[in-house]
Amino acid sequence: MSPDVRSDLDAIPSYVPGASVPGAVKLASNETTAGPLPSVAAAIVEAAAGANRYPDITAGALVDRLAGFLDVPPANVTAGCGSVALCQQLVQAVCAPGDEVLYGWRSFEAYPIIARIAHAVPVPVPNRADGALDLDAIADAVTDRTRLIFVCTPNNPTGPAISRTEMSAFLDRIPERVTVALDEAYYEYVRSVDPVDGVAEAMARSNVVALRTFSKAYGLAGLRVGYLVGPVELVVPVAKMLVPFSVGSLAQAAGIACLDAGDELRARTDAVVAERTRVRDALIELGHAVPDSQANFVWLPLGDAASAFDAHCRENLVVVRCFAGDGVRVTIGDPDENDRFLNAARGFVTRT
Ligand SMILES: *Cc1c(COP(=O)(O)O)cnc(C)c1O
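Computed from a predicted model, the values in this text were never measured in an experiment. (Residues numbered from 1 in each chain as written. Predicted model: local features only at pLDDT ≥ 70, side-chain atom pairs only at ≥ 80, totals over all residues. Heavy atoms only, no water.)

Visitor: Any details on the site of the ligand? Residues and values, ideally.
Guide: Every one of the 13 residues lining the ligand counts as a neighbour, but Ser83, Tyr186, Thr213, Ser215 and Lys216 are closest to it. Within the backbone of Val84, a nitrogen or oxygen atom sits 3.0 Å from an oxygen atom of the ligand. Asn156 is positioned such that a nitrogen or oxygen atom in its side chain is 2.8 Å from an oxygen atom of the ligand. With the chains in place, 94% of the 380 Å² that the ligand exposes on its own is no longer accessible. Grouping the constituent residues of the shell around the ligand by class yields five nonpolar, five polar and three charged. (Near = heavy atom within 4 Å. Polar contact = N/O pair within 3.5 Å; in protein donor to acceptor, adjacent residues only side chain to side chain. Areas by Shrake-Rupley, 256 points an atom, 1.4 Å probe, with all protein chains shown as cover. Nonpolar A, V, L, I, M, F, W, Y, C, P; charged D, E, K, R; others polar.)

Take a look at the structure:
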């Protein structure tokens, strides 16, 4: 006989990471191609010398630096082991078993997983035809059991961002007892005319938090550090759910060094944004209805052809992220990596 485990485990999907294929270009996980900035790498090396000690459990120096960077009080900020860990802490902090977690779908694949892990009920709301979140439908789906709404903007994997005007109208419709998490993992890549600033929304409203990360634009996916900004009444419960010491000392030091590096980051994101436009235009020319992406990836709504396209790219040594039956997400890499992808895309012939 084996030990008793949760009876609902089969209902919890496993997170599917982007694949790594030797010799192939990896455009599957929305990472940056370049390694950490030299100043950040130096800070990591320096922190490594103290790896025999436990990290600061509150990541106090990083939180203080973030507070200065964002111009908010430190009490409104908490750090986590990647923002995905903060998503999970948030569900644990606000949901009792059976409470509902709403989100647009398709969106970040971790939402239904972490909702179920925390014994909450995931409630996906279909996106609009253009790949954007349907905020009206999400607001309409709020029930007495709804405790939390994830709004991913720009939306992973489809790409569109919500405008500030749309966001304000949406937030006005949500009852204050329901927490809204603005997942801004790709915030640094947004170049739209009326952008949302999740931190400003979180500081202005009692039921809104913003989630950001060092994994994407800052290029620290392997170190695991993200942060949440919001009202103290939510920050304290979220921090309470932290797995002790899960934000390591190298991650904390690297996060601080990233913020100190300032403009170097912006130059990197500008290059990705330029490539995003080039890749999207080329794909549209090939006949793909690629949504307007404000992140470091593009979405090809291939439907039933998604798996064949994915296999074709892999034969051409380009690894993309396939959501079978739905579409393919392709990270924007360096120009030569993107060319390799576009060459593969040009060679794809749909067999009907
Ligand atoms: C990548 C990603 C995250 C979190 O990444 P971490 O590495 O855990 O910080 C969160 N939300 C979305 C939508 C993402 O794409």
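Visitor: Help me get a handle on the packing of helix α11 (residues 306–315) against helix α12 (residues 335–346), residues and values and all.
Guide: Across the interface, α11 lies against α12 with an axial gap of 9 Å and an inter-helix angle of 125°. Classified by the interaxial angle, the pair formed by α11 and α12 is oblique. In this structure, α11 crosses over α12, and the sense of that crossing is right-handed. Where α11 approaches α12, its residues Phe309, His312 and Cys313 are matched on the opposing element by Phe341, Ala344 and Ala345. Along the lines of polarity and charge, the residues of the contact of α11 with α12 split into five nonpolar, one polar and no charged. (Axes fitted to C-alpha atoms, helices over the stretch in contact; angles between N-to-C directions. Helix = DSSP H or I, 4+ residues; strand = E, 2+ residues; numbered from the N terminus. Parallel < 35°, antiparallel > 145°, perpendicular 65-115°, else oblique. Left-handed = near helix turned anticlockwise from the far one by under 90°. Contact = heavy atoms within 4.5 Å.)

Visitor: Now, about the sheet that holds strand β11 (residues 321–323): what can you tell me, with residues and values included?
Guide: In space, the three strands of this open sheet follow the order β9-β12-β11, with antiparallel pairing throughout. At either margin of the open sheet sits one strand with a lone partner, and together these are β9 (297–300) and β11. Each neighbouring strand pair of the sheet contributes to a mean axis angle of 20°, computed without reference to strand direction. Pairing analysis gives four bridges linking β9 to strand β12 (residues 327–331), with the strands arranged antiparallel. Bridge pairing links Leu300 to Val328 in β12. Those strands touched by α11 are β9, β11 and β12, and its axis lies near 160° from that of β11. (Pairing = 2+ DSSP bridges.)

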